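If you want the building blocks of each chain, they are given just below.
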Amino acid sequence: MTNLPLLTIGVTLVCGVLGVMGLHAYAGGKADRDALVDRLSHTGQIQAVGRHRRFQGVDRRLRKTGLGRRIELKLAATGLEITPGEFFVYALIAMAGLWMAASSILASFFGPVAALVGLWGTNAFLNYQRTKRTERFINQLPELSRILANATQAGLALRTALSMAADELEDPAGEELARVARRLSVGESLEDAMSELTERLPSRELVVLVTTLVLSNRAGGTVVSSLRNLTETLEERKETRREVKTQLSQVTVTAYAVPGFGIGAMLLMNAVMPGALDRMTGAFIGQVAVIVSLVLYAIGFIVIRRLSRIDV
């Protein structure tokens, strides 16, 4: 009993050492798992194929910000093999180029305006690529649903069916399902992996498919009949979307033609009377008139695009 304090101290030290070792092992395992997930993600694929990544310092700093995470999410949805840092630097170069081109061709007043248009254009480019890839993925959903129904009817597990569909389907469905399969292989649940897919490629059809798969996997229901019915519904929605897009093609062209006519008119006026835009924007009332006209063109473009947007 005389050695009880010493024994207590010894046991406390041993427990503390074991606790520190446990925390260190947990942190190391979590870091290894995060690194593995990152290598299996889109950016990891770029590095795996040996592509040299430019502007790595900018990329590391940008990923820590909210802007970098939003750019990374959009780039992952577009399927472009480019890092957020590279896109950010290229966007700045494009804005600077537009600034100098507009200042030299039109007038110095149009330099900042062109830079803002370039900023909007880079975001519009990502949205266009994302929408284009989402449309291609939606067109593949009936075939995906059919493959999953056949695989599950043959007795395969849903995770195995997803891997098989990733091998059989072309991009973007094959690439996206392969990414889901890799995340499932590192221990993520089906709900989390499929939810991330709906965040990258948002669409009603995909949400319905993901909800069907998740509920069937969670409740253990008959997924075959649900997928069969869903395949027919997706085929009908695919044809409906195609008809609506064809009917609204003229309106879409009009939305881009309206501001194009305005820019063409300015270039024509400056070509007929060299220096006219410089003299016009040299006065305050001329600057106000240009800004008001640009705002009206932008409002017209947005209104036409909103009127031509029909959710099917």
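Procedures and definitions
Residues numbered from 1 in each chain as written. Predicted model: local features only at pLDDT ≥ 70, side-chain atom pairs only at ≥ 80, totals over all residues. Heavy atoms only, no water. Helix = DSSP H or I, 4+ residues; strand = E, 2+ residues; numbered from the N terminus. Buried < 20%, exposed > 50% of the residue type's maximum accessible area, 1.4 Å probe, protein only. Areas by Shrake-Rupley, 256 points an atom, 1.4 Å probe, with all protein chains shown as cover. Phe/Tyr/Trp six-rings, centres within 6.5 Å; stacked < 30°, edge-to-face > 60°. Axes fitted to C-alpha atoms, helices over the stretch in contact; angles between N-to-C directions. Left-handed = near helix turned anticlockwise from the far one by under 90°. Contact = heavy atoms within 4.5 Å. Salt bridge = Lys/Arg side-chain N within 4 Å of Asp/Glu carboxyl O. pLDDT = per-residue confidence, 0-100.

Enquirer: Can you help me understand the overall build of the protein chain in this one?
Expert: Broken down by element type, the protein chain carries 14 helices and 0 strands. Overall, the protein chain shows an N-to-C arrangement of helices and strands of α-α-α-α-α-α-α-α-α-α-α-α-α-α. Looking at the protein chain as a whole, 34% of its 312 residues are labelled buried. For the protein chain, the computed accessible surface area is about 18800 Å², with 64% contributed by carbon and sulfur atoms.

Enquirer: So what exactly am I meant to see when it comes to the packing of aromatic side chains here?
Expert: Following the criterion strictly, the structure yields 3 aromatic pairs and no others. Seen from their ring centres, Phe 109 and Phe 110 are 5.7 Å apart, and the 80° between their planes marks the pair as edge-to-face. Accessibility expressed as a relative area gives 18% for Phe 109, which makes it buried. For Phe 110, a relative accessible area of 3% gives the class buried. Look at Tyr 256 and Phe 301: their rings are 5.2 Å apart centre to centre, the planes differ by 70°, and that puts the pair in the edge-to-face class. Of this pair, Tyr 256 sits in helix H12 (residues 249–272) while Phe 301 sits in helix H14 (residues 284–307), placing them 45 residues apart in sequence. Classification of Tyr 256 as partly exposed rests on a relative accessible area of 48%. Since its relative accessible area comes to 14%, Phe 301 is described here as buried. Among the aromatic residues, ring-to-ring pairing joins Trp 120, Tyr 256 and Phe 301 into one connected group.

Enquirer: Would you mind showing me how to read the packing of helix H5 (residues 84–105) against helix H6 (residues 110–153) here?
Expert: The axes of two packed helices give the description: the angle between them and the distance between them. Contact pair H5 / H6: the axes reach a minimum separation of 7 Å and the direction vectors enclose 145°. Considering only the axes of H5 and H6, their crossing is right-handed. Along the contact surface, H5 presents Phe 87, Ala 91, Met 95, Leu 98, Trp 99, Ala 102 and Ser 103, while H6 presents Phe 110, Gly 111, Pro 112, Ala 114, Ala 115, Gly 118, Leu 119, Thr 122 and Leu 126.

Enquirer: Can you help me understand the pattern of salt bridges in this one?
Expert: Side-chain pairing between opposite charges can occur once the charged atoms of the two side chains come close. Here the structure, examined in full by the defined rule, presents 10 salt bridges. As a salt-bridge pair, Arg 183 and Glu 188 come within 3.2 Å of each other at their nearest N and O atoms. Per residue, the accessibility class of Arg 183 equals that of Glu 188, and both read buried. One network of salt bridges, in which partners are shared, links Arg 133, Glu 175, Glu 176, Arg 179, Arg 183, Glu 188, Glu 196 and Arg 200.

Enquirer: Explain the confidence of the model for the protein chain here, please?
Expert: Should the pLDDT be low somewhere, the predicted coordinates at that spot are not to be read in detail. Per-residue confidence for the protein chain gives a mean pLDDT of 79; residues scoring 70 or more make up 84%. Taken element by element, the predicted model of the protein chain shows its lowest mean pLDDT in helix H2 (residues 42–48) (42) and its highest in H5 (88). Below a pLDDT of 50 lies the segment residues 41–50, which in the model reaches 20 contacts outside its immediate sequence neighbourhood of four places, other chains included.

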